[in-house]
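Now for the letters of each chain:
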Amino acid sequence: MKSFRKELTFRTPTRRALLNITPQVESALAESGIREGLCLVNAMHITASVFINDDESGLHEDFEKWLEKLAPEKPHSQYLHNGSEDNADAHLKRTLMGREVVVAITAGRLDFGPWERIFYGEFDGRRAKRVLIKILGE
Ligand code: ZN
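Conventions adopted
Residues numbered from 1 in each chain as written. Predicted model: local features only at pLDDT ≥ 70, side-chain atom pairs only at ≥ 80, totals over all residues. Heavy atoms only, no water. Pairing = 2+ DSSP bridges. Helix = DSSP H or I, 4+ residues; strand = E, 2+ residues; numbered from the N terminus. Contact = heavy atoms within 4.5 Å. Axes fitted to C-alpha atoms, helices over the stretch in contact; angles between N-to-C directions. Buried < 20%, exposed > 50% of the residue type's maximum accessible area, 1.4 Å probe, protein only. Arc of directions from axis to C-beta. Donors = N, O, S within 2.8 Å, 3.2 Å for Na, K, Ca; no water. Tetrahedral: all angles 85-135°; square planar, octahedral: opposite > 155°, others 65-115°.

(A) Inspection of the sheet that holds strand β8 (residues 129-137) at higher detail. Read across the open sheet, the five strands follow the order β1-β8-β3-β5-β6; overall the sheet is antiparallel. Two strands in the sheet have a free side with no partner beyond their single neighbour: β1 (2-10) and β6 (109-110). Here strand β5 (residues 100-106) runs beside β6; their pairing, made up of two bridges, is antiparallel. Bridge assignment links T106 to a residue of β6, and that residue is R109. Each of β1, β3 (37-43), β5, β6 and β8 is contacted by helix α1 (residues 22-32), which is oriented at about 150° to β1, the strand it contacts most.

As structure tokens, then:
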């Protein structure tokens, strides 16, 4: 069995952002040379997510509105976590959107359903943050 590891780094100019990282994961898969196996992609920070969904801009705005309803950023003082930090909402949003995805690799490709794409969800950006890609197989 082969094993391949790669880190991606993102620095979004805004506090919150959704990025389609499918092309970067496909490049990592090509680099790995693995044809059959599993690909794990996870956020390495507890205020960011990796998830799979549709690459549709209306839906992305819906995610933003939904997350702000469930875990509004402001007022910062509503959260016990916020003292020296102001990112309690980002921890909660990350928990809602998830830490990682696992995608099957078949014949050298990510074996997606019809509209599945991999996204990086940033909830406390404006600094460098990492995503781990781990691919196992042969
Ligand atoms: Zn925090």
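(B) Here's a closer look at α1. Among the residues of α1, those classed as buried are T22, V25, A28, L29 and S32. Buried residues of α1, seen end-on, are gathered within an arc of 120° and therefore sit on one face of the element. Opposite the buried face of α1, at more than 90 degrees from it, the exposed residues are A30 and E31. After α1 finishes, the residue G33 shows a positive phi value of roughly 75°.

(C) Spotlight on the coordination of the zinc ion. Surrounding the zinc ion are the protein donor atoms H81 (NE2), E85 (OE), N87 (OD1) and H91 (NE2), at 2.0 to 2.6 Å. Considering all four donor atoms around the zinc ion, the spread of angles at the metal, 75 to 152°, places the coordination shape in the irregular class. We note that the donor set of the zinc ion lies within a single chain, spaced as H-x3-E-x1-N-x3-H. Using a relative accessible area of 39% as the deciding quantity, one classes H81 as partly exposed.

(D) Local environment of the pairing of β3. As paired strands, β3 and β5 are joined by six bridges and run antiparallel to one another. Within β5, the position partnered with N42 by the bridge is E100. Pairing analysis gives seven bridges linking β3 to β8, with the strands arranged antiparallel. Within β8, the position partnered with C39 by the bridge is I135.

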